[in-house]
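Spelled out from the first residue to the last, the chains are:
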Amino acid sequence: MLLHEALRIRPKDIVALTGGGGKTTLMFRLADELVAAGRSVVTTMTTHIFVGQMARAPGRLVLSGEGALLAQLPAALAEHHHVLIAGATIVEQDKVAGIPPDLIARVAALHAVDVVIVEADGSRRLPFKAPAAHEPVVPPAATLVVPVVGLSVIGRPLTPVHVHRPEIVAALTGAAVGDAVTPEMVAAVLSHPEGGAKGVPPSARLVPFLNQADDEPRREVAREIARRLLSHPHADGHPSIDSVVVGAARTDVPAHEVWGRVTAVVLAAGGARRFGALKQVQPWRGRPLVAHVTAQALACPDIDRVIVVVGAEADRVQAALLESLPGAALDIVMIRDWALGQSRSVRAGLEAATATSGGQPSAVVFLLADQPGITPELLSTLVTRHRTTLAPVVAPRHAGRRGNPVLFDRATWSEFARLSGDIGARPIIEAHRDSIAWVDWPTPEVLQDIDTPEDYRG
């Protein structure tokens, strides 16, 4: 996966890179990708950059005055497509100053500029750091902040040889200087309001980049960090982690996995006309059918939240859930107009999934309440496939036939408002049929649901 895909770069994004070493490599790699995709990119910094690194940009401008810079930039972008802007001041023999953070918004506003990438602090080229009082210098207009950590630091001692400002890391985590750096320590700093979340504008997305994940042992460490980051409680006034990118910026495949929150929505609002009775509450392996399916979603370690949409005989279905799953962490959404069809349930489930003050989900997977063969293992497989592709739709397939449940990336969610009738999200699946990420499942339960009494008895 490419970096701009993994970071979900959008037109007019202002991307601020903070944290440990690797930011400059990440900045230029991201700029190269965006130029190859037809975008015009400005790179800059709010602190400083090595003079030798400036040569990596095909076009360069030095800030002598704001008016002159803004006038020169469109022509420079037309010629080079990637222009680096530096300040005119030499701060050390081999370093040049950055530009004022407020100027970056005016640069981004130019019609010729598609994306601005900003290096917003330094780390003395060490893989891990915590910010001092004066940093990071994140532009107020930043829309995406990417704290970076190099996984080579794991297991190293928390000392100045391996960590920039180890005493601040110790203060933020409760560790002692000299302790071995752990995944827990890294996650604590990246998510801390005085660490990786420091200076992040309230409306910006916060997406840590776990760098140097160039072998399986490091990727497994990165997955542990990602799990911790996504489970970190939301702090009032500070953005929560949006997603976590696991990658290696210097390799041919710079992004390996994108970890985000995934919500499961169990569709249990139908009237079960073909069945002839309320099938959601029929017994299945010691529980009502709806509770059995919901329990499978709750048991999946890769599902962060479970929502059940109820409609027909809603009180009865809700009671069956609460009695069978006492104390379970699930949300029940009641809809009165369930008879409008499954599309109404799908929209209600998505609305509930996205109505949160914490981190927004990256994807929603819809389960049918009458499909008891679904397992936590299948759900995990769908989520894992999404992490490695960010495909708009991830679906299981058996013997060449599409099954259920189906996962939808958040890039598709604007399409749900147009759904109507009793066909669920089928139009969205069809619209993305050429980009579905398939999971070939060896057994047929992804095709089997309970529509009739014969299905139930069989």
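The following paragraphs examine the structure supplied in this document. Since we're looking at a predicted model, the values are computed, not measured.

Residue placement: H164 occurs in strand β11 (residues 163–164). When its relative accessible area of 9% is taken as the criterion, H164 is described as buried. Among all residues touching H164, those that are not within four sequence positions of it are G122, S123, R124, L126, F128, K129 and A130.

It is the rolling of a water-molecule-sized probe over the atoms that shows where space remains empty. Its boundaries defined by the atoms lining it, the largest pocket holds a volume of some 1100 Å³. Forming the boundary of the largest pocket are 40 residues, of which Q342, L368, D370, D422 and D451 lie nearest the centre. Among the secondary structure elements, those contributing two or more residues to the lining of the largest pocket are β16 (262–268), α11 (342–354), β21 (363–368), β23 (401–402), β24 (406–409) and α13 (426–431). A total of 3 residues in the lining of the largest pocket trace back to one element, the largest contributor, which is α11. There is about 640 Å³ of room inside the second largest pocket. Surrounding the second largest pocket, 30 residues form its lining, H48, G122, S123, R124 and R125 being those nearest its centre. Those elements that provide at least two residues to the lining of the second largest pocket are α2 (23–36) and β3 (48–50). The residue makeup of the lining of the second largest pocket, split by class, is 5 nonpolar, 13 polar and 12 charged.

Before going further, it helps to spend a moment on the environment of L322. For L322, the position within the fold is in helix α10 (residues 314–324). The exposure class of L322 is partly exposed, given its relative accessible area of 48%. The spacing of L322 and I117 is 205 residues in sequence and 49 Å in space, taken between C-alpha atoms.

Analysis parameters
- Counting restarts for each chain, with residues numbered from 1 along the sequence as it is written.
- Only residues with pLDDT of at least 70 get local features here, since the model is predicted, and only at 80 or more are side-chain atom pairs given and counted; chain-wide, interface and lining totals rely on the full set of residues.
- Computation of side-chain values covers all heavy atoms of the structure but excludes hydrogens and water.
- Per the convention used, a helix needs a DSSP run of H or I reaching at least four residues, while a strand needs a run of E reaching at least two, with both numbered from the N terminus.
- Here the term buried applies to any residue with accessible area under 20% of the maximum for its type, exposed to any over 50%, and partly exposed to those in between, with areas from a 1.4 Å probe on protein chains only.
- In what follows, residue pairs with any heavy atoms lying within 4.5 Å of each other are defined as contacts.
- Both site types are read off a 1 Å grid over the protein atoms alone. A 1.4 Å probe that fits but cannot get out defines a cavity, while an open set with protein on both sides within 12 Å along at least five of seven lines defines a pocket; lining residues have an atom within 4 Å of a point.
- Grid points are joined across faces, edges and corners, and a volume is the space filled by probe spheres set on the points.
- Throughout this entry, Asp, Glu, Lys and Arg are counted as charged residues, while Ala, Val, Leu, Ile, Met, Phe, Trp, Tyr, Cys and Pro are counted as nonpolar. The remaining residues, Gly among them, count as polar.

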